[in-house]
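Understanding the architecture of this molecule
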Amino acid sequence: MAHRYAVHVWLCSIVMTVWACLAQAAPPRAVTCIAPAQPGGGFDLTCRLLADALNGTGITVKSRFMPGGVGAVAFNAIINQTPADPATVVAFSEGSIYNLSLGHYGARDMGDVRWLAALAVDYGAVVVRADAPWATLPDLLAAVKAEPQRVALGGGGMIGGQDWMRAATMAQMLGIDIAQMRFVAFEGGGGCIEALAAGFVQACLNDAGDSQTAIDDGQPLKLLAIHSANRLSGALAAVPTAREQGVPLDWPVLRGIYTGPQVADADVEDWRQVLNAVLTSPAYADLLATHHLEPMPLTGPALEERLAQLSQDARTRAVQLGVP
Amino acid sequence: MPDRRVRSLRATLALWMIPASLCVFGSSIWLTQNAIARLADSAYDRSLSGALRAIEADLSVQSGGLGMELPYALFANLQAAATGTVYFRISTDDGLVQIGDTRLPDPPSPTRAAQFFDATYLGQSLRVGAVRKRLAVPLYGAPTPQTVLIEVAETTASREAFLGRIARLAFWRDATALLAALAVLVVGVGMALRPLLRLRDRFDRRAPGDLSPLDGSALPAEVRPLIDSFNALMARHADQAAGQKRFFDDASHQLRTPLSVLRMQLDYALATPDTAEREATLEAMRGVVDRTARTTGQLLALARVDSGAVPLTPVDLSAILREVAFLHLPAARRKRIALDLDLPDAPETLPAAETLLYEAVSNLLDNAVRLSPPGGEVTLRLDVRPKAAALIVSDRGPGMTPERLARVGERFLTDGEGAGIGLSLAVAVARMHGGTFTAANRPGGGLEVALILPRPPALSKNRHMPENESRL
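As the structure is a prediction and not an experimental result, all values here were calculated from the model. (Residues numbered from 1 in each chain as written. Chains lettered and ligands numbered in written order. Predicted model: local features only at pLDDT ≥ 70, side-chain atom pairs only at ≥ 80, totals over all residues. Heavy atoms only, no water.)

**Section: the packing of aromatic side chains**
Residue and element names in this part refer to chain B. Counted only if it meets this: Any two rings among Phe, Tyr and Trp, with Trp reduced to its six-membered ring, count as a pair given centres within 6.5 Å; such a pair is stacked if its planes are under 30 degrees apart, edge-to-face if over 60, and tilted if neither. Helix and strand assignments come from DSSP, with helices taken as H or I runs of at least 4 residues and strands as E runs of at least 2, each series counted from the N terminus. Each residue is placed in one exposure class: buried if its accessible area under a 1.4 Å probe, protein chains only, is under 20% of its type's maximum, exposed if it is over 50%, and partly exposed if it falls in between.
This structure, assessed with the given rule, holds 15 aromatic pairs over all chains. Ring geometry for Phe25 and Phe171: centres 5.5 Å apart, planes at 55°, overall tilted. Note that Phe25 is positioned in helix H1 (residues 9-58) and Phe171 in helix H3 (residues 157-205), a separation of 146 residues in sequence. Overall, Phe171 belongs to the partly exposed group, its relative accessible area being 34%.

**A word on the domain arrangement of chain B**
Condition: Annotation comment: domain bounds sourced from an automatic or database domain assignment.
Taken domain by domain, chain B comprises domain 1 (9-164), domain 2 (208-304) and domain 3 (310-470). Centre-to-centre, using C-alpha coordinates, domain 1 of chain B lies 97 Å away from domain 3 of chain B.

**Some words on a nonpolar patch on the surface**
All names here are of chain B. Convention followed: Patch membership is restricted to residues that have no salt bridge and whose relative accessible area is over 30%. Joining uses 9 Å for like charges and 5 Å for the nonpolar side chains Val, Leu, Ile, Met, Phe, Trp and Tyr. Shrake-Rupley sampling with a 1.4 Å probe provides the accessible areas, and residues are treated as covered by the protein chains on show and by no other component. A pair is scored as a salt bridge if a Lys or Arg side-chain nitrogen falls within 4 Å of a carboxyl oxygen belonging to Asp or Glu.
Nonpolar side chains collect at one region of the surface, where Leu13, Leu15, Trp16, Met17, Ile18 and Leu22 lie side by side and expose about 590 Å² of accessible area between them. Looking at where Ile18 falls in the secondary structure, it is placed in helix H1. Residue class for Ile18 comes out partly exposed when judged on its relative accessible area of 40%.

**A short note on the packing of helix H7 (residues 162-173) of chain A against helix H12 (residues 300-321) of chain A**
Residue and element names in this part refer to chain A. Let me state the cut-off plainly: Angular values range over 0 to 180 degrees, each being the angle between N-to-C directions of two axes fitted as lines to C-alpha atoms, with helices fitted over their stretch in contact. Orientation is classified from the angle alone, with under 35 degrees giving roughly parallel, over 145 giving roughly antiparallel, 65 to 115 giving roughly perpendicular, and any other angle giving oblique. In this scheme the handedness of a crossing depends on how the near helix is turned from the far one: anticlockwise by less than a right angle means left-handed, clockwise means right-handed. Contacts: residue pairs with any heavy atoms within 4.5 Å of one another.
The contact between H7 and H12 brings their axes to 11 Å, and the two run at 45°. As far as their axial angle goes, H12 and H7 are oblique. You can see that H7 and H12 cross each other, and the crossing is left-handed. Between H7, through Trp164, Met165, Ala168, Thr169 and Gln172, and H12, the contact on the second element is made entirely by Ala314, Arg317, Ala318, Gln320 and Leu321.

**Here's the deal with the state of the cysteines**
Linking two cysteines covalently via their sulfur atoms produces the bond known as a disulfide. Residues and elements named next belong to chain A. Filter applied, for reference: A pair of sulfur atoms, both from cysteines and within 2.5 Å, is called a disulfide here.
Scanning the entire structure with this criterion turns up 2 disulfides over all chains. The residue that forms a disulfide with Cys33 is Cys47, at a sulfur-sulfur distance of 2.0 Å. As the torsion about the S-S bond is roughly -75°, the Cys33-Cys47 disulfide counts as left-handed. One end of the pair, Cys33, is in strand S1 (residues 29-35); the other, Cys47, is in helix H3 (residues 42-53), and 14 residues separate them in sequence. Across the pair, exposure class does not vary: Cys33 and Cys47 are buried alike.

**Some details on unusual backbone geometry**
Phi at Val70 of chain A takes a positive value of approximately 50°, unusual for a residue other than glycine. Assignment of secondary structure puts Val70 of chain A in the loop between strand S2 (59-65) and helix H4 (72-80). Phi is positive for Tyr140 of chain B, which is not a glycine, with a value near 45°. On the basis of relative accessible area, Tyr140 of chain B is assigned to the buried category, the value being 11%.

**Focus on the environment of Thr272 of chain B**
Residues and elements named next belong to chain B. Mapped onto the elements, Thr272 comes out in the loop between helix H4 (224-271) and helix H5 (275-307). Owing to a relative accessible area of 8%, Thr272 belongs among the buried residues under this scheme. As a C-alpha pair, Thr272 and Ala183 span 89 residues in sequence and 94 Å in three-dimensional space. With near-sequence residues (within four places) excluded, Thr272 lies in contact with Glu277 and Arg278.

**Concerning the nonpolar core**
The condition is simple: Definition used in this section: a nonpolar core is a set of buried Ala, Val, Leu, Ile, Met, Phe, Trp, Tyr and Cys residues joined via side-chain atoms within 4.5 Å.
Within the largest apolar cluster, 71 residues are counted, with the highest numbers of intra-cluster contacts made by Trp115 and Val201 of chain A together with Val152 of chain B. The greatest single-element share of this core, amounting to 7 residues, is contributed by H4 of chain A. Those residues in contact with Val201 of chain A that lie beyond four places of it in its chain are Ala152, Gly154, Val184, Phe186, Cys192, Ala195 and Leu196 of chain A. Core analysis: the next-biggest nonpolar cluster, separate from the first, contains 45 residues, Ile320, Leu357, Val378 and Ala430 of chain B among them.

**Description of the interface of chain B and chain A**
Size of an interface, as often reported, equals the accessible area lost when the parts are brought together. For clarity, the threshold we go by: Joining two parts hides part of their accessible area as seen by a 1.4 Å probe, and the buried area is that hidden amount summed over both. Residues adjacent in sequence count toward polar contacts only when both atoms are side-chain atoms; beyond that, a polar contact is any pair of N or O atoms within 3.5 Å, and within protein one must be able to donate a hydrogen and the other to accept it.
Taken together, the 29 residues of chain B in the interface contact 34 residues of chain A. Summed over both partners, the interface of chain B with chain A buries about 2500 Å², with 57% contributed by carbon and sulfur atoms. The largest share of the area that chain B buries against chain A comes from Tyr72, Leu96 and Tyr140 of chain B, three residues that together contribute 27% of it. Put simply, chain B and chain A have 6 residue pairs in polar contact (both at pLDDT 80 or more) between them.

**Some details on the pairing of strand S10 (residues 388-394) of chain B**
All names here are of chain B. Note the cut-off: We treat two strands as partners when DSSP finds at least two bridges between them.
Burial analysis of S10 places 7 of its 7 residues in the buried class, which makes it a mostly covered element. Side chains Ala388, Ala390, Ile392 and Ser394 of S10 all project onto a buried face; the interleaved residues Ala389, Leu391 and Val393 project onto the opposite face, where all are buried too. Where strand S9 (residues 377-384) lies against S10, 6 bridges are found, and the strand directions are antiparallel. Paired with Leu382 across the two strands is Leu391, which belongs to S10. Between S9 and the antiparallel strand that follows it, S10, lie 3 residues. Alignment of S10 against strand S12 (residues 447-454), held across 7 bridges, turns out to be antiparallel. Its bridge partner lying in S12, Val393 is registered against Val449.

Here it is, written out as structure tokens:
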């Protein structure tokens, strides 16, 4: 089996023991999934999804959190520190593509890492505390318009990032001065939820999947809107879309993983085959449902094409919103 | 000279006190404000500093990324205390990490030490605390460790409200003190001026001829010199009035005595049957009439001097002295008196009232001849000095007692012998010309009197007032 051979190679590179290489033993196939944020956000969810998806294949996935610059630190770390290690993957989202495309990761571009797969698609959502005074998205936006300093919006990524762009686009729709809008940047959805609980921000522009996961975990939050064209299924079916509430803004959020730039083509191909098999299985569909995500199985050229499109979108939107 | 800028004491005090008080008032408020602002800043900055330290302490690089725990409980406390909004920002110098309110302004100084500054963000005034921390290890294998900038800011609304309260408090405190001080001043000035108002009443009630001194014992020490001067003036007026009275008594006596003599001589002349006797009597009457006429002339001259407005014309002083000497030569010869005339070679011409000057010198010479013993000597001398010309008469007569010498120069001097009117006239004429009159006993006996007239320094060149005229 091709991927069995590949795993042997990983083992050599991970444990670096001549004995293990020569013995051709069957080790636990251990992969590290870097979530470039603090626990609790979309990156964390992506890594957990990967772990659950590979559960039946004998590959174990260990999550590692490397916050810093909404993926910027992890992106640079994998290039500088483990560029050829196929056992280290990093979670990304559409926001990562945006930041990368807009230069927020430093002098980097799409070709600096190897994109392995899109695991799922999530949708942008607006989440507030369960005890918040706003029942609908228009209520919240009206409050932002009335008192932009008092109603702070939070999100992953910096000003000019994807969550900020969503806030700014909505602000533009409602005639709110973007320069007056207070947007607080966090490492990811998790950081924003923490600030939301502390009352430091009033709403988080997080994603539907990780927000509902937090609610499932018992956090006192409520979703005001989801930026999908139609209502989602399961627990999220009760949440109205932004479109329903008169804010016609769809915001799908692709989630996936990438690996280092010098990982061998053979290893990348191994990954693609394993993931293709896993992502199209019925068990994976059920898994997505429990994580409140929608399927989006993309690997190889299809993925590259999609990412190139997203990168283009990011630049177009940045120009539209006047991001420097 | 009446001055239109003369102000009341109250106005003068107000003019000085009110702007000065306002200056003191303003600077006091400004100083209070500054001191309080500094105190408030340091107190509020301490709480920002606590938040900075909390964030700094919880930064970690163990994960290979930049992990942090944000002290939301501390932020909530700050917000509650400041009743404002708290902001934070954490960023690395490579720009990859930008957390929180990423548009908070950078601190003014690149130092790593904690610093505090005022800034504006989202249209609000902020106080920002900032500190930089160099990470222990570089992130993502960068060549050098990154430096993390941590900023915590709070809106200054509550700080400004606090300062506003303090400022209002200081304002009212100072304003009250100022008003109280001004009120006390107004009352105090009123109290201080009350003796002066009483003094004015005493002046108002004074009889026109009352030259008695004022009692200044109840007046403030500052006013006492004024009263003393006033009393001295009153005393001089009283003296002068007494002198004037004596003079006129004397003068009228000198006129009445020859008139009684004339009356007796007239009666005798009419009564005597002897023609030769009558002629002798009439002849004798001529001398008395001459003397009376001379006295009357003196009094008239004095009156003319006193009435002022005598025109000054250029007068040759030597010519006057020569004429006066000739006039008195017969009288001097009768007493075998040697009359010397001592004149400079050059003629000396001054602007003067010729008739009055003649009369005055003539009186002085008459006195000298009359009072000199027979066979004595009298000198009439013109002494030209740089700024004055002195007309000097000296004799070998009895001279003057020190008491009389001390009073020479006063108007209305009397001696009971007719010399007083002459001296008074000389004094009056000297003063009229802007000059002086002096008298001194001569060593070896006799008197020397001098009528000193100022020489105009540049009579022909310009119209400037003579120097010694302005002094008088």
